[in-house]
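Reading the structure
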Amino acid sequence: MIVSIDRKKVKLLKDCIFCKIVRNEIPSYTIYEDDVVKAFLDISQGTPGHTLVIPKKHIANIFEYDPELAAAVFSRIPKIARAVKDSNPDIKGMNILNNNGQVAYQSVFHSHFHLVPRYTNHDDFSMTFKDNSNKYTPDDLKKIQDSIVAHIGD
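Residues numbered from 1 in each chain as written. Predicted model: local features only at pLDDT ≥ 70, side-chain atom pairs only at ≥ 80, totals over all residues. Heavy atoms only, no water.

A tally of regular secondary structure across the protein gives five helices and five strands. Each helix and strand of the protein, placed in order from N terminus to C terminus, yields the pattern α-α-β-β-β-α-α-β-β-α. Dimensions of the protein, computed from the C-alpha atoms along their principal axes, are close to 55 × 50 × 25 Å. Within the protein, the fraction of its 154 residues that count as buried is 34%. In the protein, once contacts between residues fewer than 6 apart in sequence are set aside, the share between residues at least 24 apart is 53%. For the protein, the computed accessible surface area is about 10900 Å², with 58% contributed by carbon and sulfur atoms. Charge centroids of the protein, computed over 20 positive and 19 negative side chains, lie 4 Å from each other. (Helix = DSSP H or I, 4+ residues; strand = E, 2+ residues; numbered from the N terminus. Buried < 20%, exposed > 50% of the residue type's maximum accessible area, 1.4 Å probe, protein only. Contact = heavy atoms within 4.5 Å. Areas by Shrake-Rupley, 256 points an atom, 1.4 Å probe, with all protein chains shown as cover. Lys, Arg positive; Asp, Glu negative; His and termini not counted. Charge placed at Lys NZ, Arg CZ, Asp CG, Glu CD.)

Pairing is antiparallel across the open sheet formed by five strands, whose spatial order is E1-E2-E3-E5-E4. If you trace the sheet from one side to the other, it starts and ends with strand E1 (30-33) and strand E4 (93-97), each paired once. With direction set aside, neighbouring strand axes in the sheet form an average angle of 15°. Pairing geometry for E1 and strand E2 (residues 37-41), over three bridges, is antiparallel. Paired with Thr30 across the strands is Phe40, a residue of E2. (Pairing = 2+ DSSP bridges. Axes fitted to C-alpha atoms, helices over the stretch in contact; angles between N-to-C directions.)

UniProt's entry tags His112 with the feature "active site" (unreviewed entry), counted in the numbering of this structure. Along the chain, the position of His112 falls in the loop between E4 and strand E5 (113-118). For His112, a relative accessible area of 7% puts it in the buried group. Discounting chain neighbours no more than four positions away, the residues touching His112 are Phe18, Leu52, Val53, Ile54, Leu97, Asn98 and Gln106. A distance of 2.7 Å separates the side chain of His112 from the backbone oxygen of His110, its partner in a polar contact. (UniProt positions renumbered as here; feature names shortened; annotations may be inferred. Polar contact = N/O pair within 3.5 Å; in protein donor to acceptor, adjacent residues only side chain to side chain.)

Moving on, we get to the side chain of Thr51. Checked against the element boundaries, Thr51 lands in strand E3 (residues 51-55). With a relative accessible area of 0%, Thr51 lands in the buried category. Within the structure, the side chain of Thr51 is placed 2.7 Å from the backbone oxygen of Gly49, a separation counted as a polar contact. When near neighbours in sequence (up to four residues on either side) are disregarded, Thr51 contacts Ile31, Ala39, Phe40, Leu41, Asp42, Ile80, Val84, Phe113, His114 and Leu115.

Turning our eyes to something else, we now look at the environment of Asn99. Position of Asn99 among the secondary structure elements: in the loop between E4 and E5. Separated by 12 residues in sequence, Asn99 and Ser111 have C-alpha atoms that sit 8.2 Å apart.

Most of E2 is tucked away, with four of its five residues classed as buried. Between E1 and E2, which follow one another and run antiparallel, lie three residues. Note that E2 and E3 share five bridges and pair antiparallel. When the bridges of E3 are listed, Phe40 appears paired with Leu52.

As a further point, take the nonpolar core. Of all hydrophobic cores here, the largest spans 16 residues; its most connected members are Val37, Val53, Tyr65, Val73, Ile80, Phe113 and Leu115. When residues of this core are assigned to their parent elements, the largest contribution, four residues, is made by helix H3 (residues 67-74). For Val37, the contacting residues outside a window of four places in its chain are Tyr32, Val53, Ile54, Pro55, Lys56, Val73, Arg76 and Ile80. Counting residues in hydrophobic clusters, the runner-up holds nine residues, among them Cys16, Phe18, Ile21 and Ile54. (Core = buried A, V, L, I, M, F, W, Y, C linked by side-chain atoms within 4.5 Å.)

See the structure below:
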């Protein structure tokens, strides 16, 4: 049997900062770890307790998950989020974010979920969702809907 080695992928896995954290080659402030995920404090600490949850398996983004890995990773997020929230009585809420692709602000191309604790409306974190509803007719929305529905089975 001949085994093919994708040298580009091997280099990517070797150089990936999150893969290095999983392999304990780079220290982290780990708050949870099992055979599927590792959760650790984001070094930037957008707000106190800002945590990253990553699959241990190198997956670049949400588009590469299979159903089994998605179920395994996503099922752990509420447990970790509750622990973060319960760690500080001043935490009033939490943003859970996942960026996919450079255009969506992904900067490390190993899938990860940000758990960003929220303390007040004036803490050092914000998100803006612009209302573009006046730019779309019901026909426009129907076309978008139909296009997405046509690809659900893919």
